[in-house]
Amino acid sequence: MEKIIGILGSTGSIGTQTLEVVRENKDLKVAALSAGSNIELLEKQIREFHPSMAAVWDEEKAKELEVRVADLNVKIVNGMDGLLEMAVLPEMEILVTAIVGMIGIRPTIAAIQAGKDIALANKETLVTAGHLIMPMAKEKGVQILPVDSEHSAIFQAIHGENRKSIHKLLITASGGPFRGRKREELETVRVEDALKHPNWAMGQKITIDSATLVNKGLEVMEAKWLFDVDLDHIQVVVQPKSIIHSMVEFTDGAVMAQLGTPDMKLPIQYALYYPERRYLPGERLDFGKLKEITFEEPDMDTFLGLPLAMKASRIGGSMPTVFNAANERAVAKFLKRKIGFLDIYRIIEDAMEHHESIANPALEQILETEAKTYEWIESRWKD
Ligand code: NDP
Ligand code: MG
């Protein structure tokens, strides 16, 4: 059966891998694509996949793209209005949210309101607005299909099970490039070192988040909303080779895990065809070569990303937004070499201490909290 998809953030790591999946499956059609500013790649994608609409955040770049693709039948839109317009495109059935940052929230909400299923990669959406998104999706009868590998693993493990029989979610973590190091050793690590993820090739921001364990913290919060499990029943397990993508323990003690080579195309494809499985070319696990799978506990004293996220999640309300926004700003500063690696934690702690959480925040309050967090950080941690 033909499926018509749109991709928010088609030029990024998840976006381009989604298009690789489309390329392999003739029954997937692309109705809409979007990028921040990379119109060179977006133009190539438009020529190959023929969407009827493409959104570019940057207005000037959008105008430039319009001229470049004038020979094609594609509508170019820009800014937030453009993202919102593409999110509700009538023929589109599934929106893949592969955009980075909280900018993805409004288009995701618009798509849910318009009845589109969501293949969710953008974790910021649930972290900051899970209390709005999940009930809205339920009310509209739309599916939130996880793309993040850990959440996809859990989604696969609980397929056909009664959700009431879930006892515990076991989210696996590689531990990142600095696993085993202590705090003192992290003070002077460089951007290049932090960008060397042992197993996954991803966008820059999430790669730094993996080194700080902030990514795992965001994933715990994401899992809490997606599977309606409280924090006391979510455990992070370090499994350095990223072979087990996550596990579920059921009430009878049975543990179900999903294993595979680290390849995001599997969770992307699973989300797009759920509940059907399709052939996926690529490397397979070879247990003769693999020999062992090892486990460790996460080092919560060194990698504060995880405990800080848990704290933000327990406080709840607008605090996860502060955690996320402060981290986003801190990572941008680290990538520009304006601050050291451990300053990322200092900035998050500072912003969280300064904030008084708003219970059950509306979308406007979430976005306002984000803006205020940025302001606070800029006033205290100048570039
Ligand atoms: P990338 O940085 O590789 O890509 C981000 C995409 O978003 C690009 O297409 C970028 O366009 C676009 N974009 C950025 N800002 C805007 C904007 N203002 N308007 C429109 N488009 C914009 O990120 P990733 O693919 O790594 O990650 C995307 C999301 O998926 C994140 O939330 C991440 O946490 C999550 N995720 C990623 C995984 C991975 O393996 N990469 C795994 C699990 C989750 P442009 O190219 O023009 O800048
Ligand atoms: Mg993940």
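These remarks concern the structure in this document. (Residues numbered from 1 in each chain as written. Chains lettered and ligands numbered in written order. Predicted model: local features only at pLDDT ≥ 70, side-chain atom pairs only at ≥ 80, totals over all residues. Heavy atoms only, no water.)

## Focus on the sheet that holds strand 10 (residues 244-250)
Spatially, four strands are ordered 9-8-10-11 in an open sheet, and the strand pairing comes out mixed. Where the open sheet ends on each side, the last strands, each with one partner, are strand 9 (234-238) and strand 11 (255-259). Between one strand axis and the next, the sheet turns through 20 degrees on average, direction left out of account. Summarising the sheet, strand 10 and strand 11 pair through five bridges and their orientation is antiparallel. Counterpart to E249 in the pairing with strand 11 is V255. Helix-sheet contacts for helix 7 (residues 149-157) involve strand 8 (166-173), strand 10 and strand 11, and the interaxial angle to strand 10 is about 40 degrees. (Pairing = 2+ DSSP bridges. Helix = DSSP H or I, 4+ residues; strand = E, 2+ residues; numbered from the N terminus. Axes fitted to C-alpha atoms, helices over the stretch in contact; angles between N-to-C directions. Contact = heavy atoms within 4.5 Å.)

## Structural notes on the site of ligand 1
Neighbouring residues of ligand 1: 25 residues in total, closest T11, S13, I14, S37 and N38. A distance of 2.9 Å separates an oxygen atom of ligand 1 from a polar atom in the backbone of G12. In the environment of ligand 1, an oxygen atom lies 3.5 Å from a nitrogen or oxygen atom belonging to the backbone of A121. When ligand 1 sits alone it has 900 Å² of accessible area, and the protein chains cover 85% of it. Of the residues belonging to the shell around ligand 1, the class tally is twelve nonpolar, ten polar and three charged. (Near = heavy atom within 4 Å. Polar contact = N/O pair within 3.5 Å; in protein donor to acceptor, adjacent residues only side chain to side chain. Areas by Shrake-Rupley, 256 points an atom, 1.4 Å probe, with all protein chains shown as cover. Nonpolar A, V, L, I, M, F, W, Y, C, P; charged D, E, K, R; others polar.)

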